[in-house]
Amino acid sequence: MMNFRSVAVNTATAFVVTLPFSLLACSESNPTNFDEPVAYSEPALELSSGSECQGISIPEGFLCLQENCNAENEGRVIAAEHGNSKYGYQVLYARCKQGSWTNVEPWAACDTAGVAVGDTCSEATFKGGFQFGGSTHAYYIYAGDGVWKEIEPVPVDSSESINLKLGKCSSENEGKVEVITEYKAGHATASDRYGSPAYYRCESGSWVKGDITLTCDTANVQVGDACIKTVSRPPNPMGITAIYTYAGDGNWTPDECNSAGSEYAKKLTVGADRKTEYFQCTSWYGWREIDDVQYACFAEFADKDTCVIDAGDEKSYYKKELEPTTYASFWKKIDGENSSSATELPSIECNLQNEGLYETVIDTVTVYPDGQVWDRDVYYHCESGEWVETKCRDPLEACAGNNEGKYQNVVCSSNPGNPKASKTTWTFKCMDNKWKKLSDEEVRQLKAEKDSAEVEGICNEQNKPEPKLGDVCSISRQGGNTTFGIVYTTLVCNVYTEDGWVAKWWGTPSEKSCEEILATPADTIPAE
């Protein structure tokens, strides 16, 4: 037998799970032959260029092992993953014997220390990637004398399968709860690649399957108390909040969030220390934690727009609003019963001198229980001595002599940090050192003038030196929604007239030129 310190295996075997994987000396009749070299290592596998692997000439496409088999590693069984993070990895096994790595079956990695005949073992043969999740295993039963016998995979929910994954349920781990990820049988499809958590508790020698409430602590818990958990909702890695109510005798019942009528809130007693927590049922995101003020307003004023909290000599007022990011209701503090929902107005006075002035106020909407702060921009316009809340404001750049007569668009968002928040666009013109907001009709007229100037420039360039009556000009324009990958092209055919360039035809581009299209009988050409 040749002793290789570094050996190789053809990558063509990388996705064959049930057959021996060594192509250098593969023996189907003796799958447990330890005298056959294998290419593979625990720490690293690298693709050879087809020349040499540590001094040994190997064919193109073989894998080079960068791990020495020496006296220190004698008898060691290693597992390596070959593949990629998208489609997954085949798991290969090798044993170090007398200076050579030899291919072995997965059962060689099963530990025989302290095992008895009939005990089981499972070793991975395939691990899924992000495109195809899940995994496959080889299952074995101990036959004694260091021999493991392969057995057929058992049903996912059978006691044999659970024991393979969790080990034996004994008096030593009575009451212990284990969580594992389960996939559909075989290789999971893309839609099941995330799997789902499964919960088991060791009870009287058997693993009993339950739900996430198995992890709820029942110490010092009374009927009606709550257990708060985050449950997975693939592919959302954050999951959603679930609430369970204690019904006694170790049983928990789910408290579903149903905001079909209107949003509401609950006051809950949670945990062995019986602390008080508040949660709001929202229409889009289910349960979410809130503070005591929000709870008080939802409890007493859920069907109203204004909430009043009377704390003896002082009253606090709140107005119901919608968060632009979640569209969930929340109560925003205001100065008085009929005040604006903004906490503060611009710091400067709205007087005759500042008439027409725009100002922006950064308004703290709420502080979440985790300490995060949600701010928004509030825009104000000074009108007749009062600050009036608006949807946008004027340009921040000064309107001075150097930009007199220039136009500028301003895009405003109530939540600049959220790209999906609704936006407002206003157009201004610098006139007499002041920004004048254009009306909708003025904006449409300005756009028409810009489009006309653009057409004139393109068409004059196509018909140099000077366009003549009847000359034709073709312009291709792109439209659609690039966010959703929808892009289309429109061909516009223009003709030079006494009134300048006029669009005579527009539609989907074809092999015909504008001259050919316009030469078509008039009754087949779309009207202007």
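Throughout what follows, the structure given in this document is the object of discussion.

Here is what the cut-offs are and how they apply
- Residues numbered from 1 in each chain as written.
- Predicted model: local features only at pLDDT ≥ 70, side-chain atom pairs only at ≥ 80, totals over all residues.
- Heavy atoms only, no water.
- Helix = DSSP H or I, 4+ residues; strand = E, 2+ residues; numbered from the N terminus.
- Buried < 20%, exposed > 50% of the residue type's maximum accessible area, 1.4 Å probe, protein only.
- Contact = heavy atoms within 4.5 Å.
- Arc of directions from axis to C-beta.
- Polar contact = N/O pair within 3.5 Å; in protein donor to acceptor, adjacent residues only side chain to side chain.
- Pairing = 2+ DSSP bridges.
- Axes fitted to C-alpha atoms, helices over the stretch in contact; angles between N-to-C directions.
- Disulfide = S-S within 2.5 Å.
- Phe/Tyr/Trp six-rings, centres within 6.5 Å; stacked < 30°, edge-to-face > 60°.
- Lys NZ or Arg CZ within 6 Å of the ring centre and 35° of its normal.
- Salt bridge = Lys/Arg side-chain N within 4 Å of Asp/Glu carboxyl O.

### A closer look at the overall build of the protein chain
A tally of regular secondary structure across the protein chain gives four helices and 32 strands. Counting across all 528 residues of the protein chain, residues that qualify as buried make up 36%. Sequence-distant contacts in the protein chain: of pairs separated by 6 or more residues, those separated by 24 or more amount to 45%.

### Things to note about helix H2 (residues 292-301)
Of all the residues in H2, the buried ones are Gln294, Cys297, Phe298 and Phe301. The buried residues of H2 occupy an angular sector of 105° when the element is viewed end-on, so they sit on one face. Where H2 is buried, its residues contact strand E18 (264-270), strand E19 (275-282), strand E20 (286-290), strand E21 (306-311), strand E22 (314-322) and strand E23 (329-334). The opening residue of H2 is Asp291, an N-cap whose side-chain oxygen sits 3.2 Å from the backbone nitrogen of Val293.

### As for the sheet that holds E21
The antiparallel open sheet is built from three strands, whose spatial order is E21-E22-E23. This sheet does not close on itself; its edge strands, each paired only once, are E21 and E23. Between one strand axis and the next, the sheet turns by 35° as a mean value, whatever way the strands run. As paired elements, E22 and E23 share six bridges and run antiparallel to each other. Bridged to Leu322 within E23 is Ser329. In the packing of H2 onto the sheet, contacts are made with E21, E22 and E23, and the angle to E21 comes to roughly 115°.

### Section: the state of the cysteines
What the rule picks out here adds up to 10 disulfides. Through a disulfide, Cys297 is tied to Cys307; the S-S separation comes to 2.1 Å. Between Cys297 and Cys307, the S-S torsion sits near -80°, and that sign places the bridge as left-handed. Linking Cys297 in helix H2 with Cys307 in strand E21, this pair joins segments that are 10 residues apart in sequence. For the pair Cys297 and Cys307, a shared accessibility class is recorded, and that class is buried. For Cys493, the disulfide goes to Cys514, at an S-S distance of 2.1 Å. Across the S-S bond of Cys493 and Cys514 the torsion is about -80°, and the bridge reads as left-handed.

### Concerning the packing of aromatic side chains
Aromatic rings in a pair are described by how distant their centres are and how their planes are angled relative to each other. Per the stated rule, a full pass over the model turns up nine aromatic pairs. Ring centres of Trp426 and Phe428 lie 6.3 Å apart, and the angle between their planes is 55°; on these two criteria the pair is classed as tilted. For the pair formed by Trp426 and Phe428, the shared burial category is buried. With a centroid separation of 5.0 Å and an interplanar angle of 55°, the aromatic rings of Tyr496 and Trp501 are classed as tilted. Residue classification places Tyr496 among the partly exposed positions, given a relative accessible area of 24%. Linked through ring pairs, Tyr358, Trp426 and Phe428 together constitute an aromatic cluster. Over the face of the ring belonging to Trp426 we find Lys437, whose NZ or CZ atom lies 4.7 Å from the ring centre.

### Some details on the pattern of salt bridges
The final tally for this structure, using the stated rule, is 12 salt bridges. Between Asp394 and Arg393 there is a salt bridge; the shortest N-O distance is 2.8 Å. Each of the two residues, Asp394 as well as Arg393, counts as buried. One salt bridge connects Lys436 with Glu442, and the closest N-O pair in it is separated by 3.4 Å.

### Let's talk about the sheet that holds strand E28 (residues 423-431)
In spatial order, the strands read E27-E28-E29; together these three strands make up an open sheet with antiparallel pairing. Of all strands in the sheet, those with a lone pairing partner are strand E27 (407-413) and strand E29 (434-437), marking the two edges. Mean inter-strand twist for the sheet, computed between neighbouring axes without regard to direction, equals 40°. Here E27 runs beside E28; their pairing, made up of seven bridges, is antiparallel. Residue pairing for E28: Tyr407 is matched across the bridge by Lys429.

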